[in-house]
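Coordinates in review
The chain contents come next:
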Amino acid sequence: MTFNPHTAQDRAEMLAAIGVASVDDLFTIIPEDVRNPGLHQPPSLTEMEAAARLTELAGKNLQIVPGNSFLGAGSYAHYVPAVVNQLLLRGELFTAYTPYQPEVAQGTLQIIYEYQSMVAALLGTEVANASLYDGATAVAEAALMALAVQKKRDRILVSGTIHPHYREVLETYTEGREITIDTLPTPDATDLRTSVSAIQDALNDETAAVIIQYPNFYGGIEDVKAISDAARAAGALLIVATLPVPLGILKAPGDLGADIVTAEGQSLGVPQSFGGPYVGLLGARQAYVRQMPGRLAGIAEDAEGKRGYVLTLQTREQHIRREKATSNICTNQGLMATAATIYMSALGPQGFREVAERAWNNAHYLAEQLATVPGFAVVTDGDFVMEFVTRTDRSPAEINAALAEHGIIGGLDLGRYESGLANHMLWCATELNDKAAIDRLIAALA
């Protein structure tokens, strides 16, 4: 039985109010020949037949041995400790949503609180929120947050070494608003890092914030402290997009002067999963807490003095004070944030550092070996943790197609994003890309 709240008289009155005779008249703008297309569905299958068909289709996928993928660029293959999925699949965690009723959601609220505490420590900020959609939207939300703090400024200065997808999402978020995005050109391939002098030259009294990435899209380590000083001298905030694993051995952006720090949390126990769902991290100075997007979990005491966890500072569109909402974030990617919490708890500070050190060792061994392959040259100048750039004398697409025949995923073709970086590849090594895996890659290239 179908429930329809509108009577025939209700529908007639609504149609008369908008001046049309029938519902069909609302669709006349759509060409008639495409208005009701045939679905042409294949014959139905039994459950057993459907399972066999899906298995056949899945068999066409390229099966990659862990460690045989050298593709990073924002999504990374890391080892996920068994404890993460074991705990994540518990019913009270796997099915939990936003804990609007604290009296029945103390466990979920405590996890969110612990998540915030660990993220703040990781990013070097005074406070962190209860997660966002992903790294790209976290950057865009940080930009809007900076504009809310800097009420009389309407320009955002963006480094040319930020992930291209992050820049696209930022442009989408700000489209239609009275906001100007000033994007610096991509630096020369000989030094794929942000020039402090270029930042200084582009700053003006209308710049609300500067956005950089650390490590940047090309793996380079930006001079966050110098850029922070330049931004502060111009009265602008500094937003830093970062990655969690490199922070195991790098100084946290907040400790280097960043005002707002964002990150993609996929590396924290979240599998790549064909592109999502991921989780966005965001931390900031305490002074900006009331402009933070999303929500915060806090500790309170009841009438008997017992500790309890609650949601606080959740001025979102669907809540009260809608006209003063800080964002329209409607979900906090709670399951992914829980995975990140379990991952960080399991590793601890020392384990986190060991993962970063292994990635650093593997990436530098990979760079050394690629430099010995005829036609390859490492162009990354300076320090890097997991990613670096090479120049090749052959098409990256051709190289990657040949590697795929060996069951290996090669580096990213940077020419897809910057014409000046044609025949350049971005390579990545995590703790999974050990010496044996790298030697297999070099043998395949040879």
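The structure we're discussing is the one just above.
My aim in this report is to walk through the structure given alongside it, one point at a time.

Conventions used here
Per chain, the residues get numbers from 1 upward, laid out in the order the sequence is written. Local features are withheld for residues below a pLDDT of 70 in this predicted model, meaning they are given only at 70 or higher, and side-chain atom pairs are given and counted only at 80 or more; totals for whole chains, interfaces and linings count all residues. Side-chain measures were taken over the full set of non-hydrogen atoms in the model, leaving aside hydrogen atoms and water. Note on classification: 1.4 Å probe, protein chains only; a residue is buried when its accessible area is under 20% of the maximum for its type, exposed when over 50%, partly exposed between these limits. In this text, helices come from DSSP runs of H or I with a minimum length of four residues, and strands from runs of E with a minimum of two, each type numbered from the N-terminal end. Note that the arc is defined by the directions from the helix axis to the C-beta atoms. Residue contacts are defined here by distance: any two heavy atoms, one from each residue, within 4.5 Å place the two residues in contact. A cavity here means a set of points on a 1 Å grid, drawn over the protein atoms and nothing else, where a 1.4 Å probe fits but cannot get out; a pocket is an open set with protein on both sides within 12 Å along at least five of seven lines, and a residue lines either one if it has an atom within 4 Å of a point. Grid points are joined across faces, edges and corners, and a volume is the space filled by probe spheres set on the points. Three classes are used, and their members are as follows: Ala, Val, Leu, Ile, Met, Phe, Trp, Tyr, Cys and Pro are nonpolar, Asp, Glu, Lys and Arg are charged, and the others, Gly among them, are polar.

For helix α9 (residues 224–233), the set of buried residues is Val-224, Ile-227, Ser-228, Ala-230 and Ala-231. Along the axis of α9, the buried positions cluster into a sector of 165°, meaning they face one direction only. Its buried side turned inward, α9 meets α8 (196–202), β4 (207–214) and β5 (237–242).

The next subject is the layout of surface pockets. What the largest pocket holds in volume is close to 1,200 Å³. If you trace the largest pocket, you find 50 residues lining it, with Ser-69, Leu-71, Ser-75, Gln-272 and Tyr-278 closest to the centre. Contributing elements (two or more residues each) for the lining of the largest pocket: α6 (135–149), α7 (164–174) and β12 (412–413). If one sorts the elements of the lining of the largest pocket by residue count, α7 sits on top with 3 residues. Residue classes in the lining of the largest pocket are distributed as 23 nonpolar, 23 polar and 4 charged.

Now for empty space enclosed by the protein. One pass over the full model with this rule turns up 4 cavities of 30 Å³ or more. When its volume is computed, the largest cavity comes out at roughly 160 Å³. In terms of lining, the largest cavity is formed by 17 residues, of which the most central are Thr-108, Ile-112, Gly-334, Leu-335 and Thr-338. For the lining of the largest cavity, the elements supplying multiple residues, two or more each, are α5 (106–123) and α10 (334–370). The element that contributes the greatest number of residues to the lining of the largest cavity is α10, accounting for 5 residues. Classifying every residue of the lining of the largest cavity by side-chain character gives 10 nonpolar, 7 polar and no charged. Counted as a void, the second largest cavity has a volume near 60 Å³. Looking at the second largest cavity, the residues that line it are Ala-189, Asp-191, Leu-192, Arg-193, Tyr-218, Gly-220, Val-379, Thr-380 and Asp-381. Here the lining of the second largest cavity is composed, by residue class, of 4 nonpolar, 2 polar and 3 charged.

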